Amino acid sequence: MQGFAYEAPSSLEALRARLAAAQGAGELTQVLAGGTDLLVQMKQGQRAPGLILDIKRVGETQALAVDGDTLVIGASVPAAKAKAFPLVAEAFPGLAHAIDLIGSSQIQGRASLGGNLCNASPAGDTIPALIANGFEAQILTAEGLRTLPVEAFVTGVGKNALAAGEVLLALQAPVPGPRSGDAYQRFTPRTEMDIAVVGVGARLTLDDAGVIASARIALGAVAPHAFLAEAAGAALVGTRGEPEALEAAAAAAMEAAKPISDKRGSADFRRRICGVLVKRVVAQALERCTTEGAK
Amino acid sequence: MKVHVQTEVNGEAVEFLCDPTTTLLEVLRDNLGLRGSKEGCGTGDCGACSVELDGALACSCLILAAETQGRSVATIEGVATPEALHPLQSHLLKSAGLQCGVCTPGIVVAAKHLLEQDPNPTEEAVRYFLAGNLCRCTGYDKIIRAVLDAAAEMRGEAA
Ligand SMILES: Cc1cc2nc3c(=O)[nH]c(=O)nc-3n(C[C@@H](O)[C@@H](O)[C@H](O)COP(=O)(O)OP(=O)(O)OC[C@H]3O[C@@H](n4cnc5c(N)ncnc54)[C@H](O)[C@@H]3O)c2cc1C
Ligand code: FES
Ligand code: FES
């Protein structure tokens, strides 16, 4: 790795001040959370920052709590901790599964959801699950805080909406009410230690008559960044998730997908898998609306 | 500029100077003489460098040594006591769960972490949990068997 300075500020104020100073001095700064992307990229010479700012000692980035009816996951909380948090495991089983798909047990001991999101890989597993669940990114700016929906946070392959000097502090989402369920599934040739060829996340909520009142479907690895497939969700609202409704949602998702062909799969293959996964994920989320969600 | 780090390794206070670019794996092997942790890949894929950092299982090749300031690190060297091997180690020997032995320290550290969380894992759970520990020699079966047998022994059941 090329030389750099390492600092680990221990408060929000210290972090903000250090970011401002680095920006003023034109230092190429890279935030460090779990390092499972960053260290690999630096070892491979893809990144050569002058300053590494480790954010794990800033308490706000390690938060993992329910605040009223909002779930807050600090940006640097490791995957192993996030997926074991009772509310995540119980009310967000789809997100918990997406987290559990990241790398190995060792990678999950360090990899954060914040890093998975900031790294903005088109195939990052938590991103579609975060989008489907309506998560917002809480961002530390030079002056204060701002929030952005996760679907607006990812802007391209490896690109996010953070301006220079900004840091992701936490991810937050409303705690789901009754008759609600989420799911995430990905397609990979191997079951473990592989990268999604397609990933699909969904969050459904039913009204008290069992009709789908809201549906959010998010697609990963079929475009430069994960995105909310609004038409796919809209095709489900007002239905009970009958086979025709699932077909309509799958067709809308396949229409919205803009996949590329690469060594993991051709564009045509990806588009078809996307349709299949949408149907499976919606069916799974629907089942959870009437089991887990109905508690 | 060198970084001055004070940390704890296997329960003992240690202190070292290192370049900010140095990984924990390099410090363990080169500065502290703890050569049980191996470098198989350097990129988080093989698990041969597995350690615990503040109780979290991690690849030491993807940790900057500077990050360990004030933390606690547990490595393979802290697993056995002077009196006895850990049941995982004796069962790996008994089941012939190692050949060249390069993957073994990482497997022991990871499997120990698993059994501390779940003393009675299914075979499937062991296989998933150890998916990030690559072994090019054994074909895995004997390793999985050894972990299940060690778990049974640690629960007080005959293995
Ligand atoms: C062997 C292996 C297997 C993997 N398998 C998978 C997989 O199956 N699925 C998957 O989705 N991912 C996988 N990954 C990647 C996954 O580990 C990362 O995406 C991880 O989630 C990133 O989190 P981190 O905390 O390690 O981030 P870091 O590596 O610390 O940071 C990642 C990037 O985001 C920036 N950043 C981090 N936090 C912030 C913040 N709060 N504010 C601003 N910028 C920030 C960093 O500067 C860096 O550019 C794998 C990685 C490895 C090494
Ligand atoms: S050397 Fe660290 S995972 Fe291979
Ligand atoms: S025994 Fe040789 S790699 Fe596992």
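Here, the structure is the one placed above.
The present account deals with the structure reproduced in this document. All figures in this text were calculated on a predicted structure; none of them were measured in a lab. (Residues numbered from 1 in each chain as written. Chains lettered and ligands numbered in written order. Predicted model: local features only at pLDDT ≥ 70, side-chain atom pairs only at ≥ 80, totals over all residues. Heavy atoms only, no water.)

## Quick look at the interface of chain A and chain B
Going by this rule: Between two residues, a contact is recorded if the distance between any of their heavy atoms is within 4.5 Å. Here's the idea: put two parts together, see how much 1.4 Å probe accessible area each one loses, and the total over both is what we call buried area. Here a salt bridge means any side-chain nitrogen of Lys or Arg lying within 4 Å of a carboxyl oxygen belonging to Asp or Glu. The term polar contact refers here to a pair of N or O atoms within 3.5 Å; inside protein, the definition further demands a hydrogen-donor-capable atom paired with an acceptor-capable atom, and it admits residues adjacent in sequence only when both atoms are side-chain atoms. In DSSP terms, a helix is any run of H or I states spanning at least four residues, a strand is any run of E spanning at least two, and both are numbered starting from the N terminus. Three residue categories are used. Nonpolar comprises Ala, Val, Leu, Ile, Met, Phe, Trp, Tyr, Cys and Pro, charged comprises Asp, Glu, Lys and Arg, and polar comprises the others, including Gly.
Tallying the contact residues gives 26 residues for chain A and 30 residues for chain B. Between chain A and chain B lies a buried interface of about 2100 Å² when both sides are counted; carbon and sulfur atoms form 61% of it. Where chain A packs against chain B, one counts 2 salt bridges. Across the contact surface, chain A and chain B share 10 residue pairs in polar contact (both at pLDDT 80 or more). Those elements that provide at least two residues to the side of chain A that touches chain B are α2 (38-43) and α6 (105-108) of chain A. Its residues assigned to classes, the side of chain A that touches chain B comprises 9 nonpolar, 11 polar and 6 charged.

## Regarding helix α11 (residues 243-256) of chain A
What counts, and what does not: Expected span of a helix, by definition, is 1.5 Å for each gap between consecutive residues, and there is one gap fewer than residues.
The terminal C-alpha atoms of α11(A), which comprises 14 residues, lie 20 Å apart, in line with the 20 Å expected from a rise of 1.5 Å per residue. Structurally, α11(A) contributes buried residues whose contacts are with β13 (212-220), α10 (230-234) and α12 (267-290) of chain A.

## Quick look at the sheet that holds strand β2 (residues 29-32) of chain A
Residues and elements named next belong to chain A. Definition in use: Whether two strands pair depends on DSSP finding at least two bridges between them. All axes are obtained by fitting lines to C-alpha atoms, using only the stretch in contact for helices, and the reported angles, taken between N-to-C directions, cover 0 to 180 degrees.
The strand order β1-β3-β2 describes an open sheet built from 3 strands, whose pairing is parallel. Two strands close off the open sheet at either side, each with one partner strand: β1 (5-7) and β2. The average angle at which neighbouring strand axes cross in this sheet is 20 degrees, direction not considered. Bridging between β1 and strand β3 (residues 51-54) involves 3 bridges; their strand directions are parallel. Note on β3: the bridge partner recorded for Tyr6 is Ile52. Across the face of the sheet, helix α1 (residues 12-24) comes into contact with β1, β2 and β3 while running at roughly 165 degrees to β3.

## Some remarks on the site of ligand 1
The condition is simple: Only a single heavy atom is needed: when it lies within 4 Å of a molecule or strand, its residue is near that molecule or strand. Each accessible area is a Shrake-Rupley result for a 1.4 Å probe, and residues are judged covered by the shown protein chains and nothing else.
Around ligand 1 there are 33 residues in total, and Val31(A), Thr36(A), Asp37(A), Ser112(A) and Asp125(A) lie nearest to it. Residues within reach of ligand 1 are spread across chains A and B. One of the backbone N or O atoms of Ala33(A) is found 2.8 Å from an oxygen atom in ligand 1. Note that an oxygen atom of ligand 1 is positioned 2.8 Å from one of the backbone N or O atoms of Gly35(A). Contact with the protein chains hides 92% of the accessible area of ligand 1, taken as 990 Å² for the molecule alone. If you tally residues by element for the shell around ligand 1, the top one is helix α7 (residues 113-119) of chain A, at 4 residues. Of the residues assigned to the shell around ligand 1, the class counts are 15 nonpolar, 12 polar and 6 charged.

## Section: the packing of aromatic side chains
Residues and elements named next belong to chain A. Our working rule: Only Phe, Tyr and Trp rings take part, Trp by its six-membered ring, and two of them pair if their centres are within 6.5 Å. Stacked means planes under 30 degrees apart, edge-to-face means over 60, and tilted covers everything else. Relative accessibility under 20% of the residue-type maximum defines a buried residue, over 50% an exposed one, and the middle range a partly exposed one, all with a 1.4 Å probe and only protein chains included.
For the structure shown, the criterion picks out 2 aromatic pairs over all chains. Seen in terms of ring centroids, Phe92 and Phe135 are 5.9 Å apart; in terms of plane orientation they differ by 55 degrees. Their pairing is tilted. Here Phe135 lies in the loop between α8 (126-132) and β6 (136-140) and Phe92 lies in the loop between α4 (86-91) and α5 (93-101), a separation of 43 residues in the sequence. Each member of the pair, Phe92 together with Phe135, is buried. Aromatic pair Phe187 and Phe269: ring centres 5.7 Å apart, planes at 75 degrees, arrangement edge-to-face. Of this pair, Phe187 sits in strand β11 (residues 180-187) while Phe269 sits in helix α12, and the two are 82 residues apart along the sequence. A relative accessible area of 28% places Phe187 in the partly exposed class. The exposure class assigned to Phe269 is partly exposed, which follows from its relative accessible area of 34%.

## With respect to the pattern of salt bridges
According to the stated counting rule, one finds 19 salt bridges over all chains in the structure shown. The salt bridge partner of Asp100(A) is Lys83(A), with a shortest N-O separation of 2.6 Å. Linking Asp100(A) in helix α5 with Lys83(A) in helix α3 (residues 79-84), this pair joins segments that are 17 residues apart in sequence. Classification of Lys83(A) as partly exposed rests on a relative accessible area of 25%. Across the salt bridge formed by Arg110(A) and Glu67(B), the nearest N and O atoms sit 3.0 Å from each other. In this pair, Arg110(A) sits in the loop between α6 and α7 while Glu67(B) sits in the loop between β4 (56-59) and β5 (72-74), so the two residues belong to two different chains. By the burial criterion, Arg110(A) is buried, and Glu67(B) matches it. One network of salt bridges, with partners in common, ties together Asp54(A), Lys56(A), Arg110(A) and Glu67(B).

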